[in-house]
Amino acid sequence: MSQLNAAARAPLDSRAKMIEFHEVHKYYGDYHALRGISATIREGEFFSLLGPSGCGKTTLLRTIAGFEDISSGAVLIDGKDMSDVAPNKRPTNMVFQSYAIFPHLTVGENVGFGLRRDPRSKAEKAKAVEEALEMVGLKGYGARAAHALSGGQRQRVALARALILKPKVLLLDEPLSALDKKIREQMQVELIKLQREVGITFVLVTHDQEEALVMSDRIAVMFEGEIAQLADPETLYRRPNSRRVADFIGVMNFLPAQILGEAAGHVQLEVGGLGRFEVTEEQASARASGAEPVVGFRPETLTILYEGQQAHDREAPATIDEVVYYGDMTYYDVKLDGVDAPVRISMRNVFGRPVLDVGTRTRVAWSAGALVLFR
Amino acid sequence: MKFSSLKGYAFLYLVFLYAPIVLLPVFAFNSGTIIAFPLKGFTLDWFRDLFANQTLGLALKNSLIIAVSTSILSTTLGVFAARASTRFKFPGKTGVMGLIMLPLVLPEIIIASSLLVVLLAVGMPLSLFTVILGHTLMATPYAIAVLNAAFSSLDRSLEEAAYDLGETKWSTFRLIILPLVTPGIISSALMSFTISLDEFIVAFSLAGKETTLPIYIFSQLRFPKQIPMIMALGTCLVVASIVLLATAEYFRRRGLAKTGAKDTGGFL
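Residues numbered from 1 in each chain as written. Chains lettered and ligands numbered in written order. Predicted model: local features only at pLDDT ≥ 70, side-chain atom pairs only at ≥ 80, totals over all residues. Heavy atoms only, no water.

**Notes on the sheet that holds strand β1 (residues 17–28) of chain A**
Residue and element names in this part refer to chain A.
Phase 1 of the analysis: Taken in spatial order, the four strands of this open sheet run β2-β1-β4-β5, and their pairing is antiparallel. Either end of the sheet is taken by a strand with one partner, and the two such strands are β2 (31–42) and β5 (80–81).
Phase 2 of the analysis: Relative to β5, strand β4 (residues 72–77) is paired through two bridges, and the arrangement is antiparallel. When the sheet's bridge partners are listed, Ile77 is paired in β5 with Lys80.
Phase 3 of the analysis: Taken strand by strand, helix α2 (residues 57–65) contacts β1, β2 and β4, and its axis lies near 120 degrees from that of β1. (Pairing = 2+ DSSP bridges. Helix = DSSP H or I, 4+ residues; strand = E, 2+ residues; numbered from the N terminus. Contact = heavy atoms within 4.5 Å. Axes fitted to C-alpha atoms, helices over the stretch in contact; angles between N-to-C directions.)

See below:
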């Protein structure tokens with residue numbers, strides 16, 4: 001899905017800088033909410049701030065909008081320092097978590113609210129409102145009372161109201177968290193399409209790693225006021241730079257590893273259940289959370305082999321410990337021989353291939369190239 | 001249907017509450033001068049006396065001036081205080097708010113006598129104005145209590161959204177906050193008005209030579225001859241209160257319907 005978004009556009013590095021954070025610190029009294037954030041968001045980028053609650057992601061978003069002053073450092077938008085610019089003078093607009101739809105106004109009045117100071121004629125403004133509503137799929141809703149709308153519709157009104165001003169940056173604070181799963185997934189796709197259509201830089205705050213992976217060009221994963229990793233979704237998923245990021249994004253299995261030696265850009269390892277093998281230095285650059293090195297691998301990088309199937313690379317004997325059936329997928333918790341803790345394997349269900357029972361002896365296919373070493 | 005003891009209690013409660021009010025119009029239209037059954041006959045004389053009474057007219061005018069001023073002043077002060085207490089954090093906030101709300105629990109006689117001492121000490125002559133000051137002091141805590149509820153139910157991001165969309169802080173207040181707290185403002189104004197209109201002790205202490213409605217009524221209770229006219233006056237006041245409350249409730253409900261807010265209880 002991120003490919004859908006990134007496709008057929010100028011590469012990020014060649015685009016102009018839209019938002020720059022230079023060593024941004026924010027204190028609330030003694031509490032150090034932002035600890036030296038430095039990052040650059042490019043023009044037309046769909047950028048996400050991802051992290052658990054209290055990590056500072058919303059605070060950082062609000063420093064872009066101007067709702068939070070920063071204690072030190074600088075925030076630049078389109079090359080201009082924003083320190084003395086009030087929120088109503090910034091080239092940004094925001095979609096709030098609660099949508100903040102004005103309940104005493106109609107849908108049309110809500111969407112046209114930002115045009116009050118626009119010198120255009122009434123008819124031109126009405127046309128702009130109608131266009132904005134059409135863009136978010138609410139054509140003809142202008143005269144309705146805003147408070148009578150559903151959650152998804154409010155979300156669209158909030159989007160139209162922010163986009164009608166043609167901001168350089170659209171800020172979205174957990175915009176989908178209040179919607180139920182089906183509508184949320186639908187809105188994710190619509191947001192991506194909308195962003196490509198208008199070409200405006202989107203900065204999204206979310207605690208939902210799946211949402212961030214689906215929508216973003218790049219993601220900044222934040223913990224405790226710091227950016228832990230800033231990368232595109234695929235890099236983040238495949239090559240997390242720390243155990244903490246790996247835990248936060250998707251599911252990752254961890255097995256204790258013993259480092260036998262390093263030579264010629266490779267690290268030799270011994271891992272219980274998998275045996276001796278080597279990984280590249282690139283795979284070995286992630287930080288562990290403790291002193292003990294571990295290898296991590298995603299559930300889909302392992303495959304359960306059925307009778308007569310051959311592994312492409314390596315295989316390990318195992319026993320199935322738990323089976324969770326999801327319809328399209330089955331999750332198996334399997335115990336590799338010689339390892340007590342089970343590892344999770346996800347298998348796409350294929351017609352004609354039975355779901356295996358608990359206790360079945362099996363073989364697991366794996367490949368050293370899919371592992372990450374945390375040390 | 002079974003007539004349970006709980007229902008009986010509720011019935012007696014309502015009788016106790018409303019019987020005196022029901023008796024008001026009954027005796028207001030009774031031609032006898034003594035407030036007792038059996039009733040004698042129908043008359044409109046007491047109402048004629050009422051409207052012909054110039055002292056009463058003056059007292060009513062004074063009371064309305066005081067009540068309207070008190071209503072406007074305490075609601076305005078209440079808006080500032082409620083806004084400050086719901087939106088901002090500042091050192092000593094709890095203490096300041098506590099002190100503002102204190103008149104709620106202070107006996108009126110204490111407020112009245114201490115105000116009198118202070119006013120005499122600073123040499124301010126007693127007048128309608130001093131009554132307005134005293135009533136504002138008493139009504140403001142009630143206004144704040146009502147307005148606090150209205151302001152704290154506002155989503156703060158509404159304000160930020162308007163600010164974000166290019167409005168100034170003042171125009172945001174005017175365009176977004178004020179319309180949304182209007183039901184609260186109506187409630188507050190009405191409550192302050194009512195508190196002031198029937199207040200006796202502070203008015204009696206601070207009015208100097210002026211007369212307000214409660215002072216006038218109290219002074220007339222000594223003359224049995226005047227009591228039927230007071231009944232007529234009471235009847236008029238009850239009707240006026242009902243009309244006023246119904247109007248306010250109508251506007252409050254209309255405001256709620258327009259914003260789709262949940263009804264958290266009004267007057268009726």
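**Some points on the domain arrangement of chain A**
One widely used convention gives an interface's size as the accessible area the parts lose upon coming together.
Residues and elements named next belong to chain A.
Phase 1 of the analysis: Domain assignment breaks chain A into domain 1 (1–86 + 208–250) and domain 2 (257–374).
Phase 2 of the analysis: Domain 1 and domain 2 are separated by 32 Å when their C-alpha centres are compared.
Phase 3 of the analysis: Between domain 1 and domain 2 the total buried area reaches about 950 Å² when both faces are included, carbon and sulfur atoms providing 45% of it.
Phase 4 of the analysis: Connecting domain 1 to domain 2 are zero salt bridges.
Phase 5 of the analysis: Linking domain 1 to domain 2 there are five residue pairs in polar contact (both at pLDDT 80 or more).
Phase 6 of the analysis: Contributing elements (two or more residues each) for the side of domain 1 that touches domain 2: α8 (233–238) and α9 (243–248).
Phase 7 of the analysis: With three residues, α8 is the largest single contributor of residues to the side of domain 1 that touches domain 2.
Phase 8 of the analysis: For the side of domain 1 that touches domain 2, a count of residues per class yields five nonpolar, three polar and three charged. (Domains from an automatic or database assignment. Buried area = accessible area lost by both parts, 1.4 Å probe. Salt bridge = Lys/Arg side-chain N within 4 Å of Asp/Glu carboxyl O. Polar contact = N/O pair within 3.5 Å; in protein donor to acceptor, adjacent residues only side chain to side chain. Nonpolar A, V, L, I, M, F, W, Y, C, P; charged D, E, K, R; others polar.)

**Topic: the sheet that holds strand β19 (residues 361–366) of chain A**
All names here are of chain A.
Phase 1 of the analysis: Read from one edge to the other, the open sheet built from five strands follows the order β15-β19-β16-β17-β18, with strand pairing classed as antiparallel. Of all strands in the sheet, those with a lone pairing partner are β15 (303–305) and β18 (343–348), marking the two edges. In this sheet, neighbouring strand axes are inclined to one another by 50 degrees on average, regardless of whether the strands run parallel or antiparallel.
Phase 2 of the analysis: In terms of strand pairing, strand β16 (residues 314–325) meets β19 through six bridges, oriented antiparallel. Its bridge partner lying in β19, Pro317 is registered against Arg363.

**Focus on unusual backbone geometry**
Across the chain, the bulk of peptide bonds are trans and the bulk of non-glycine residues have phi less than zero.
All names here are of chain A.
Phase 1 of the analysis: One non-glycine residue, Asp78, lies in positive phi territory at about 50 degrees.
Phase 2 of the analysis: Using a relative accessible area of 31% as the deciding quantity, one classes Asp78 as partly exposed.
Phase 3 of the analysis: The phi dihedral of Glu174 is positive, around 45 degrees, even though this residue is not glycine.
Phase 4 of the analysis: One can find Glu174 in the loop between β7 (169–173) and α6 (181–198).
Phase 5 of the analysis: Classification of Glu174 by relative accessible area gives buried; the value is 8%. (Buried < 20%, exposed > 50% of the residue type's maximum accessible area, 1.4 Å probe, protein only.)

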